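Architecture at a glance
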4 protein chains.
Amino acid sequence: MAETHKKTVQPNKQALLNRLKRVEGQVRGLHRMIDEDKYCVDILHQISAVESALKNVSLVLMEDHAKHCMVKAIQNGNQEETIEELMDIIKRMK
Amino acid sequence: MAETHKKTVQPNKQALLNRLKRVEGQVRGLHRMIDEDKYCVDILHQISAVESALKNVSLVLMEDHAKHCMVKAIQNGNQEETIEELMDIIKRMK
Amino acid sequence: MAETHKKTVQPNKQALLNRLKRVEGQVRGLHRMIDEDKYCVDILHQISAVESALKNVSLVLMEDHAKHCMVKAIQNGNQEETIEELMDIIKRMK
Amino acid sequence: MAETHKKTVQPNKQALLNRLKRVEGQVRGLHRMIDEDKYCVDILHQISAVESALKNVSLVLMEDHAKHCMVKAIQNGNQEETIEELMDIIKRMK
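A brief look at the structure comes next. (Residues numbered from 1 in each chain as written. Chains lettered and ligands numbered in written order. Predicted model: local features only at pLDDT ≥ 70, side-chain atom pairs only at ≥ 80, totals over all residues. Heavy atoms only, no water.)

Examining the relation of the copies chain B and chain A
Counted only if it meets this: To line up the copies, we fit them by least squares on C-alpha atoms, keeping just the residues with pLDDT of at least 70 in both. Only heavy atoms enter the contact rule, under which two residues are in contact if any of them lie within 4.5 Å.
Superposition record for chain B on chain A: RMSD 0.0 Å, screw rotation 180 degrees, translation along axis 0.0 Å. Here the copies are linked by what is in effect a two-fold axis. For chain B, the residue whose C-alpha comes nearest the rotation axis is Glu24 of chain B, separated from it by 2.9 Å. A high fraction, 100%, of the interface residues of chain B reappear at the interface in chain A, so the copies pair face to face through one surface.

Pasting the structure below:
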């Protein structure tokens, strides 16, 4: 699905920005681990930690999207598009 | 599993470092998308892209680990520890 | 979440029943592979095939649920419960 | 990867057979739930339970494979094929 030009102010905007700053730092940490020849298994564990942090960001976004954008779209009769978007997200997540 | 103090020079070290630099840039891109109030669905799609980039880094690391560290450990009779490490990684991945 | 006592006639009921009959047959096939001492890697590949078949059943169910139950609940003002159910499903899927 | 003609007697054969019998019963249970028009969310939860049961079967198989087939292959100098098989399994699992 091509990027839309819709806009949404996230209700948890600052919290999400803080989380992503931490994820960015974790990715830099991965870079450092490889640069310093750390053991592969330790790096793989750290990648799992980054993956869970990212997963949590996507769950917060998903819940806010459902509570606001999806509800509004369905109440305005635009369920088809919002459900198509939902299924596209779920297929990528699974 | 606590971090070990083993060291490994990754055979694909520079390629991995480049990939992680790109992932870091992608995470900054996510930060910008939220900051600029982009649509949640577009951000969720971008998170999936970051997740796949990270997954590819872990697959490269996993393969190199299997080819070098696991083979060496098994050839030296240390299969127990290396298989325990393997199963721990697989459980986190699944 | 405890099982509810709500009822829903699936719009794709027969197709879902057929799919699940096939999955059941695939699981019996796994049983036979182990019974006949087939190679572990072949069995693991077959488990992945069963997992994808199950995933497709859950995606069909999810889409029908979104199109019917979620839309109806939101139109009737019961968004809170239906979004809680959605997030619970997504967390289990991810 | 095409099915091989290798054979392996699983060290946990009976336990795996019992687990798969239970999974088969769970899939029949899913069939019944749809047949009896149970609520989609309840069915989706049950699919997650079947998916975790299958995941546990694959983890038992994977560990036994690593401990026996992989170790033997590596000790006999056939690491290339066994690592190719490992990576193929991991890619399907992830």
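Some thoughts on the packing of helix α1 (residues 13-35) of chain B against helix α2 (residues 40-75) of chain B
Helix packing geometry: the angle between the two helix axes and the distance between the axes. All names here are of chain B. So the rule is basically this: Note on geometry: axes are C-alpha line fits, over the in-contact stretch for helices, and angles between N-to-C directions span 0 to 180 degrees. Every helix listed is a DSSP run of H or I at least four residues long, and every strand listed is a run of E at least two residues long, numbered separately from the N terminus. Roughly parallel covers angles under 35 degrees, roughly antiparallel covers those over 145, roughly perpendicular covers 65 to 115, and oblique covers all other angles. What makes a crossing left-handed is the near helix being turned counterclockwise from the far one by less than a right angle; a clockwise turn instead makes it right-handed.
Packing of α1 against α2 brings their axes to within 10 Å, and their N-to-C directions diverge by 165 degrees. In terms of axis orientation, α1 runs roughly antiparallel to α2. In this structure, α1 meets α2 at a crossing whose hand is left-handed. Residue-level inspection shows Leu16, Arg19, Leu20, Val23, Gln26, Val27, Leu30, Met33 and Ile34 of α1 in contact with α2, the latter providing Asp42, Ile43, Gln46, Ile47, Ala49, Val50, Ala53, Leu54, Asn56, Val57, Val60 and Leu61.

Brief notes about helix α1 (residues 13-35) of chain D
Where we set the bar: What a helix is expected to span follows from its residue count: subtract one and scale by 1.5 Å.
If you check α1 of chain D, its first and last C-alpha atoms are 33 Å apart, about what 23 residues at 1.5 Å a residue would give, namely 33 Å. Of the surrounding elements, those touching the buried residues of α1 of chain D are α1 (13-35) and α2 (40-75) of chain C together with α2 (40-75) of chain D. Remark: Asp37 of chain D follows α1 of chain D within two positions and exhibits a positive phi of approximately 55 degrees.

Here's the deal with the interface of chain B and chain A
Counted only if it meets this: Note on definitions: buried area is the accessible-area loss of two parts on being combined, 1.4 Å probe, summed for both. Should a side-chain nitrogen of Lys or Arg be within 4 Å of a carboxyl oxygen of Asp or Glu, the pair is scored as a salt bridge.
The interface is formed by 50 residues belonging to chain B together with 50 residues belonging to chain A. Note on chain B versus chain A: buried area summed over both sides is about 4,800 Å², and carbon and sulfur give 67% of it. Broken down residue by residue, the surface that chain B buries against chain A is led by Ile34, Tyr39 and His45 of chain B, which jointly contribute 14%. One can count four salt bridges joining chain B with chain A. Residues Lys13 of chain A and Asp37 of chain B are paired through a salt bridge, measuring 2.8 Å at the closest nitrogen-oxygen approach.

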